[in-house]
Amino acid sequence: MFWQQLANGLIVGSTYSLIALGYTLIFGVLGIINMAHGQIFIFGSLVGLALMTSTDLPLPVAFVVAIVVSAILGIILEYTALRPLRKKNVPHLASLISTIGFATLVEEGMHKLFGADSRSFPEVFGGKVFDLGIMQIRGVDLLIIGISLVLMFVLHFWITRTKLGKAIRATAENSDTASILGINTNLVIVLTVMIASGLGGIAGMMIGMTYSALIPSMGLTLGFKGLAVLILGGVGSIPGAMVCGVLLGVIEVFAVAYGDSSYRDAVAFGLIILILLIRPQGLFGSKA
């Protein structure tokens, strides 16, 4: 029982990590919390799912569609809700409210296009269950964990080792100084929002594979889970987002298994309160 719940927690937590990484990238560069992140990647995932069910689109291609649609919505968000306010040098609260407005528009668009009901995710891959003795795990679950681990380590390597990754870190440190040094900060910001939204598109597809369904309204709840991980790990910390996403998933699953299913969503916010009282900068954040 323990090992089975641990495996389930790792699967759920790996998707939370990818969601939180999107928040972390945007906050690190722009210094704002993108409240539209959940709605953006659920929209992209629903487009991928709709094409897969209506045209027999292969799963890998549906993933690409979800990434592309989510990234395009991220670009629209940057050009319509973020950049105009950034040019006017308004307080960050205005940008936060702007992303909430964008989230509302995207969610209304989802309801118009896909309805309010859940959409079933077809069993297209990895339906076989592997009995490992101490636990049973589906092939699709192994795929989800594998994709999450690869993406997290590739992103970490890319941010810390590549030229563009260094440009992103420089822009996050001080955009004015980075611009003086010859970095096209506007391009860096657009690419960051695209990457963050694309990662969310992958997370949304994996959530559909985990629960065998997607619901247009689930973007809000998943967005709050990503925010919880962002605070738990330390705002702006990529390693914190990776580790604490998995940690939250494991704790949630155990809370449901050994407690009550109604506690599931309360766990994340209970942890936020606890962390803010004990370590306000988060588990991986610095006091500075």
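Rules of the game
Residues numbered from 1 in each chain as written. Predicted model: local features only at pLDDT ≥ 70, side-chain atom pairs only at ≥ 80, totals over all residues. Heavy atoms only, no water. Helix = DSSP H or I, 4+ residues; strand = E, 2+ residues; numbered from the N terminus. Rg over C-alpha atoms; globule rule 2.2 N^0.38 Å. Buried < 20%, exposed > 50% of the residue type's maximum accessible area, 1.4 Å probe, protein only. Contact = heavy atoms within 4.5 Å. pLDDT = per-residue confidence, 0-100. Axes fitted to C-alpha atoms, helices over the stretch in contact; angles between N-to-C directions. Parallel < 35°, antiparallel > 145°, perpendicular 65-115°, else oblique. Left-handed = near helix turned anticlockwise from the far one by under 90°. Nonpolar A, V, L, I, M, F, W, Y, C, P; charged D, E, K, R; others polar. Core = buried A, V, L, I, M, F, W, Y, C linked by side-chain atoms within 4.5 Å. Expected span 1.5 Å × (residues − 1). Lys, Arg positive; Asp, Glu negative; His and termini not counted. Salt bridge = Lys/Arg side-chain N within 4 Å of Asp/Glu carboxyl O. Polar contact = N/O pair within 3.5 Å; in protein donor to acceptor, adjacent residues only side chain to side chain. Patch = residues over 30% accessible without salt bridge, like charges linked within 9 Å, V, L, I, M, F, W, Y side chains within 5 Å. Areas by Shrake-Rupley, 256 points an atom, 1.4 Å probe, with all protein chains shown as cover.

Participant: Even after reading the chapter, I still don't get the overall build of the chain, so can you show me in this structure?
Facilitator: If you tally the helices and strands in the chain, you get eleven helices and four strands. Taken over C-alpha atoms, the radius of gyration comes to 19 Å for the chain, in line with the 19 Å a tight globule of 288 residues would show. Projecting the C-alpha coordinates of the chain onto the three principal axes gives extents of approximately 60 × 50 × 35 Å. Sorting the 288 residues of the chain into buried and exposed places 48% on the buried side. Taking contacts inside the chain between residues at least 6 apart in sequence as the whole, the part at least 24 apart equals 75%.

Participant: It is not clear to me how the confidence of the model for the chain should be interpreted in this structure. Could you clarify?
Facilitator: When pLDDT drops low, the exact placement of atoms in the prediction is not to be read closely. Put simply, the chain has an average pLDDT of 88, and 98% of its residues get 70 or more. At the level of individual helices and strands, the chain shows its lowest average pLDDT in strand β2 (residues 129-131), which scores 76, and its highest in helix α2 (residues 37-55), which scores 94.

Participant: Can you walk me through the environment of Ser-212 in this structure?
Facilitator: Within the secondary structure layout, Ser-212 lies in the loop between α8 (185-211) and β4 (213-214). Take Ser-212: its relative accessible area is 31%, and that puts it in the partly exposed class. Sequence-wise, Ser-212 and Ala-71 are 141 residues apart; in three dimensions their C-alpha atoms are separated by 23 Å. Apart from residues lying up to four places away in sequence, Ser-212 is in contact with Arg-119, Ser-120, Phe-121, Arg-138 and Ile-207.

Participant: Would you explain the packing of helix α10 (residues 238-258) against helix α11 (residues 264-278) in this entry?
Facilitator: Describing two packed helices takes the angle between their axes plus the distance from one axis to the other. Taken N-terminus to C-terminus, the directions of α10 and α11 make an angle of 130°; their axes are 9 Å apart at the nearest point. Between α10 and α11, the angle is such that the two are oblique. Pair α10 / α11 crosses with right-handed handedness. Residue-level inspection shows Leu-248, Ile-251, Glu-252, Val-253, Ala-255 and Val-256 of α10 in contact with α11, the latter providing Arg-264, Val-267, Ala-268 and Leu-271. Of the residues that constitute the contact of α10 with α11, the class distribution is eight nonpolar, no polar and two charged.

Participant: Which parts of the structure should I look at to understand the nonpolar core?
Facilitator: The tendency in soluble globular proteins is for nonpolar side chains to be buried side by side. Counting residues in each nonpolar core, the largest one holds 78 residues, and the members touching the most others are Leu-18, Leu-21, Leu-30, Ile-42, Phe-43, Leu-222 and Leu-248. Tallying contributions element by element places helix α1 (residues 2-30) first for this core, with twelve residues.

Participant: Could you clarify how one ought to interpret helix α4 (residues 92-114) in this entry?
Facilitator: The periodicity of an α-helix, 3.6 residues per turn, causes residues three or four places apart in sequence to face the same way. For α4, which comprises 23 residues, the first-to-last C-alpha distance of 33 Å matches the rise-based estimate of 33 Å (1.5 Å per residue) to within 8%. All of the buried residues in α4 are Ser-95, Thr-99, Phe-102, Ala-103, Val-106, Glu-107, Met-110 and Phe-114.

Participant: Could you clarify how one ought to interpret the packing of helix α3 (residues 59-87) against α8 in this entry?
Facilitator: Here α3 crosses α8 at 140°, and the two axes come no closer than 7 Å. For the element pair α3 / α8, the angle class is oblique. The way α3 lies across α8 gives a crossing that is right-handed.

Participant: Please explain the side chain of Glu-107 as it appears in this structure.
Facilitator: Among the secondary structure elements, Glu-107 is positioned in helix α4. No salt bridge is formed by the buried Glu-107; its nearest oppositely charged neighbour, Lys-112, is found at 13 Å. What Glu-107 contacts, discounting residues up to four positions off in sequence, is Gln-39 and Ser-217.

Participant: Hey, could you run me through α10 in this one?
Facilitator: Here α10 is 21 residues long and its end C-alpha atoms lie 30 Å apart, about the 30 Å a rise of 1.5 Å per residue gives. The N-capping residue of α10, defined by a side-chain oxygen 3.0 Å from the backbone nitrogen of Gly-240, is Ser-237.

Participant: Can you help me understand unusual backbone geometry in this one?
Facilitator: For residues that are not glycine, phi is negative in most cases, and the peptide bond is trans in most cases. Its identity is not glycine, yet Asp-56 carries a phi of approximately 60°, on the positive side. In this structure Asp-56 comes out as exposed when scored by relative accessible area, which is 68%.

Participant: Please clarify how the pattern of salt bridges should be interpreted in this entry.
Facilitator: For side chains of opposite charge, pairing can occur when their charged atoms come near one another. Inspection of the entire model under this criterion finds four salt bridges. Residue Lys-225 is joined to Glu-252 by a salt bridge in which the shortest nitrogen-to-oxygen separation is 3.0 Å. Here Lys-225, found in helix α9 (residues 218-233), pairs with Glu-252, found in helix α10; they are 27 residues apart in sequence, far enough to count as distant. Assessed through its relative accessible area of 4%, Lys-225 is described here as buried.

Participant: Teacher, can you tell me more about the side chain of Gln-39 here?
Facilitator: Among the secondary structure elements, Gln-39 is positioned in helix α2. Judged by relative accessible area, Gln-39 falls into the buried class, the value being 4%. Those residues within four positions of Gln-39 in sequence are excluded, and the remaining contacts are Ala-103, Val-106, Glu-107, Met-110, Gly-219 and Leu-220.

Participant: Got a minute to help me understand a nonpolar patch on the surface in this structure?
Facilitator: A surface patch of nonpolar side chains, amounting to about 590 Å² of accessible area, comprises Met-1, Phe-2, Trp-3, Ile-134 and Tyr-258. When you line up the elements, Met-1 lands in the segment before α1. Judged by its relative accessible area of 58%, Met-1 falls in the exposed class.

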